[in-house]
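Okay, here's what each chain looks like letter by letter:
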Amino acid sequence: MYSSLFMILGALVIGYAIPVTHSTTLSLVRRLSSWMLYLILFLMGFGLAFIDNLGQNIVQIFSQAVTLISLLLLFNVTALWLIGRHLAMPKAEPMHKQSSSKLAMFKEPLLLIALLVVGLISGLTYQQPLPAQEVLAEYALIVLIFCIGVELRSAGISVRQLLLNRRGLIISLVVVLSSLPAGALTAWLFNLPLNIGLAMSSGFGWYSLSGALLSEATTPLIGSTVFFADLSRELITLLLIPTLMQRSSAATIGYAGATAMDFSLPMLQRAGGNQLVPAAIASGFILSLLCPIMILVLVNL
């Protein structure tokens, strides 16, 4: 159990320690990262096909996901709104630029959902586990984590610079502290172990990683629940940014979670202005670092 924990965390550290500046090499790393993610999601869906009482468990996946989504939205936004009143955030100044295509924004999430469904259908059709399926999923996850470490390092901003951003640090810590009660309550409502519930709430919107980690560390059922919960968090963020930004920039940045440094950043910038970008990048980066560490540590308690 702990050997897998150290292998995965080690892959993240080693990846982050390797400076990659050549654009072609970085492009290959990103492509490899995508393919590992696609493989993991396919295997996650394939594994769902062999869960007893599949129909009942699919209902359970969506029930748990909706509960976790609702509690995280309530706890995160409330806590961030209260903290934001005392954080002296810069006033949001919308930048009226042409919005990106909504279809383009949803293309990647829809592709990942499709891969999960294709894996499930393949499992139901093939009706027997793939040879060395668990080993393949574990090594694919290690490669994915290594690539993520390389990509985080390539952002060109040191951990020291990000941790010294006071607003970003406070926002990220509030997200963490307000997410854990949501996980604990979800665990209580569905009779799950407390540490699993806490781990489920520690994805911070990074659906491409959190679902894979929990599927490998627990079961495909838990992994799929977290995948849909964190995926929904990202989609809800896109809907909330235009209106929530004018009421609380801290809540908007914080609820974006790990995506505040990448996927959600362009919309955060357009809705709040350039002065909010450093806090968004810092918060997203810190949550990205904490996501795999917290999930793996909590699962192994």
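Look a little higher up for the structure.
Residues numbered from 1 in each chain as written. Predicted model: local features only at pLDDT ≥ 70, side-chain atom pairs only at ≥ 80, totals over all residues. Heavy atoms only, no water.

(A) Quick peek at the packing of helix H2 (residues 23–48) against helix H5 (residues 133–154). For the pair H2 and H5, the least separation of the axes is 8 Å and the interaxial angle reads 145°. Classified by chirality, the crossing of H5 by H2 is left-handed. Contacts between H2 and H5 involve Leu-26, Val-29, Arg-30, Leu-32, Ser-33, Met-36, Leu-37, Leu-39, Ile-40, Leu-43, Phe-46 and Gly-47 from the former and Gln-133, Leu-136, Ala-137, Ala-140, Leu-141, Val-143, Leu-144, Cys-147, Val-150, Glu-151 and Ser-154 from the latter. Tallied by class, residues from the contact of H2 with H5 come to 17 nonpolar, four polar and two charged. (Axes fitted to C-alpha atoms, helices over the stretch in contact; angles between N-to-C directions. Helix = DSSP H or I, 4+ residues; strand = E, 2+ residues; numbered from the N terminus. Left-handed = near helix turned anticlockwise from the far one by under 90°. Contact = heavy atoms within 4.5 Å. Nonpolar A, V, L, I, M, F, W, Y, C, P; charged D, E, K, R; others polar.)

(B) Spotlight on the packing of aromatic side chains. Scanning the model with the defined rule gives seven aromatic pairs in all. Look at Trp-35 and Tyr-38: their rings are 5.8 Å apart centre to centre, the planes differ by 80°, and that puts the pair in the edge-to-face class. Of this pair, Trp-35 and Tyr-38 both sit in helix H2, separated by three residues, roughly a single helical turn. The class of Tyr-38 is buried, set by a relative accessible area of 18%. Grouping aromatic residues by their ring pairs yields a cluster made of Phe-62, Tyr-207, Phe-227 and Phe-228. If you follow Arg-233 out to its NZ or CZ, it ends over the ring of Tyr-255, 4.7 Å from the centre. (Phe/Tyr/Trp six-rings, centres within 6.5 Å; stacked < 30°, edge-to-face > 60°. Buried < 20%, exposed > 50% of the residue type's maximum accessible area, 1.4 Å probe, protein only. Lys NZ or Arg CZ within 6 Å of the ring centre and 35° of its normal.)

(C) Geometry of unusual backbone geometry. The phi dihedral of Asn-191 is positive, around 55°, even though this residue is not glycine. Examined against the element boundaries, Asn-191 turns out to sit in the loop between helix H7 (166–189) and helix H8 (194–200). For Phe-204, which is not glycine, the phi torsion reads 55° and is therefore positive. Within the secondary structure layout, Phe-204 lies in the loop between H8 and helix H9 (207–217).

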